[in-house]
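Single-letter residue listing:
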Amino acid sequence: MLQRQHLTPLFTGVRKHAEKQPIQFHIPGHKQGKGMDPAFRDFIGDNALSIDLINIQPLDDLHHPHGIIKEAQDLAAEAFGADHTFFSVQGTSGAIMTMIMAVCGPGDKIIVPRNVHKSIMSAIIFSGATPIFIHPEVDPELGISHGITTEAVEKALKAHPEAKGLLVINPTYFGIAGNLKEIVTIAHSYSIPVLVDEAHGVHIHFHEQLPMSAMQAGADMAATSVHKLGGSMTQSSVLNVKEGLVSAKRVQSIISMLTTTSTSYLLLSSLDTARKRLATEGHELLTEVIKLAESTRARINDIELLSCVGREILGTKATYDLDPTKLIISVKELGMSGYEVETWLREHYHIEVELSDLYNILCLVTIGDTEEKMDILVEALTALASMPTVRLQQRHNQVVVPDIPTLALSPRDAFYAETEVIPFQQSAGRIIAEFIMVYPPGIPIFIPGEIITEENLTYIEKNIKAGLPVQGPEDETFQTLRVIKEHHAIQ
């Protein structure tokens, strides 16, 4: 197996085709860069533009793979322990939508945690499914949601044994994993497929010190972001599938419906080469990444007023395992929001973090990082924590996380219902018809169909005031919200 994993049939095939310098009378119109703006061409480089190709016969077709794309997908399936792997150039969002639409139709129930990415809710609207929400465990110290518990899964399945699927986030954006193997066992006892949002876990399959991957746990499908942590180009992901409760042929049909016919061979080639590196060098590389992350975590924990959680967070029903390459840095003791810390790091050290929220910043350590980069991060955080202004305003920020709203209508019914626009401050008690989320990570505060509460309106205002990127509604100023129109009796 390992010997085959050194092959890159897709990248090799595309590169050899470009080396022949064919005379192209097909799209893309820039024709290997010759028709492109010279400044952009010089910056990108001729090699990249030479493989910006289209699905002509020698290069296979992602919609009906039978040549070099099929070979590359088969190698990926072998590497990830799947029966079938499908490449996605629509990011993991496209793979997530495929998973849900492959098992759910109008009126079908799907069990999902409430701290889901917007793409999951979008797929539920497209499919017409009804979400059955499981409340994730909330960390009162960090103000973040963890995974779902085996007890909550058992309870949900007993109440809804007719559900068409169970969706699990493993690991979460912050690197926390639940007991996925046990969750899969419980769901399969009901003959219900397990779909895994593995957007932040492409690397976990390749090292025993990381949480168990979806395929290792026996899940039926997993949407996995290779671009996030695995070394491929942005927007490239894979969908791993195990046969049995899911039909791979139906998955192929659905992903084809959701995928552009102008598939990027740059993105596809980067998936092929990233898979090769993970399969052949991943363990060795990740050993160093884990060491780098753990040493940095220890150094951050030596900085007064800052903390970076590690394995001590484990032990609750929802915190079964941890990806140590995610550095969750709590800044609440500084008297600053995470967003303020993010801005300070950008302005003073040119450091860009993965995300910030009211209480934390998140830094990812990957195979692209070095000791030197970690030194600069620690230096910057030390300088920030020792600033006199921080000492003056130091206070303990109380962590507040709002309750999950009540779902009054299915998201699809709410999305297509007759609506009206009303003032933000007068919306409590009404049913919302649009999404509101903080992005990243893209977890909704409201989804269409939920009843608006004063508590959640206050939480939105607090995030906006803190400078966090609250997105979703048509009115970006948040003066108004779109709600379901109420029809009153005629007097």
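Preceding this paragraph is the structure being described.
Below: a short report on this structure. The structure presented is a predicted model; accordingly, all values stated were derived computationally and were not measured.

As a further point, take the overall build of the protein. Counting secondary structure elements, the protein contains 16 helices and 20 strands. In summary, the protein has a C-alpha radius of gyration of 24 Å against a globular reference of 23 Å for 491 residues, a match within 12%. Once the C-alpha set of the protein is aligned to its principal axes, its extents read approximately 70 × 65 × 50 Å. Here the protein holds 491 residues, and 55% of them are scored as buried. Sequence-distant contacts in the protein: of pairs separated by 6 or more residues, those separated by 24 or more amount to 73%. Carbon and sulfur atoms make up 53% of the accessible area of the protein, which amounts to about 21,400 Å² in all. For the protein, the centre of its 39 positive side-chain charges and the centre of its 59 negative side-chain charges are spaced 5 Å apart.

Okay, the environment of Phe 40 next. The residue Phe 40 is located in helix H2 (residues 38–44) in this model. On a C-alpha basis, the gap between Phe 40 and Asn 463 in space is 38 Å, while along the polypeptide they are 423 residues apart.

On to the side chain of Ser 213, then. The residue Ser 213 is located in the loop between strand S8 (194–198) and strand S9 (221–224) in this model. Judged by its relative accessible area of 2%, Ser 213 falls in the buried class.

The final tally for this structure, using the stated rule, is five aromatic pairs. When the centroid spacing of 5.4 Å and the interplanar angle of 70 degrees are considered together, the rings of Phe 80 and Phe 206 count as edge-to-face. With Phe 80 in helix H4 (residues 68–80) and Phe 206 in the loop between S8 and S9, this pair connects stretches of sequence that are 126 residues apart. Classification of Phe 80 by relative accessible area gives buried; the value is 4%. Their ring planes at 80 degrees and their centres at 6.3 Å tell us that Phe 424 and Phe 478 sit as a pair that is edge-to-face. With Phe 424 in the loop between strand S16 (419–423) and strand S17 (436–438) and Phe 478 in the loop between strand S19 (470–471) and strand S20 (480–484), this pair connects stretches of sequence that are 54 residues apart. Side by side, Phe 424 and Phe 478 carry an identical accessibility label, which is buried. Over the face of the ring belonging to Phe 133 we find Arg 114, whose NZ or CZ atom lies 5.4 Å from the ring centre.

Rules and cut-offs
- Residue indices follow the written sequence of each chain, beginning from 1 at its first position.
- Reporting of local features is limited, given that this is a predicted model, to residues whose pLDDT is at least 70; pairs of side-chain atoms are given and counted only at 80 or more, and all residues count toward the totals for whole chains, interfaces and linings.
- Hydrogen atoms and water are omitted, and side-chain values are computed over all heavy atoms in the structure.
- Secondary structure elements follow DSSP: runs of H or I of four or more residues count as helices, runs of E of two or more count as strands, with numbering from the N terminus.
- Within these notes, the globule rule equals 2.2 Å times the number of residues to the 0.38 power, and the radius of gyration is based on C-alpha atoms.
- Partly exposed describes any residue whose relative accessible area lies between the buried limit of under 20% and the exposed limit of over 50%, with all areas from a 1.4 Å probe on protein chains only and scaled to the type maximum.
- Every residue pair with non-hydrogen atoms within 4.5 Å of one another is taken to be in contact.
- Where accessible areas are quoted, they stem from the Shrake-Rupley method and a 1.4 Å probe; at the residue level, only the protein chains shown are allowed to cover.
- Neither His nor the chain ends is counted toward charge; the positive residues are Lys and Arg and the negative residues Asp and Glu.
- Every charge is mapped onto a representative atom, which is NZ of Lys, CZ of Arg, CG of Asp or CD of Glu.
- The rule is short: rings of Phe, Tyr and Trp, with Trp giving its six-membered ring, pair when the centres are within 6.5 Å, and they are stacked under 30 degrees, edge-to-face over 60, tilted in between.
- Here, a charge over a ring means that NZ of Lys or CZ of Arg falls within 6 Å of the ring centre while also lying within 35 degrees of the ring normal.

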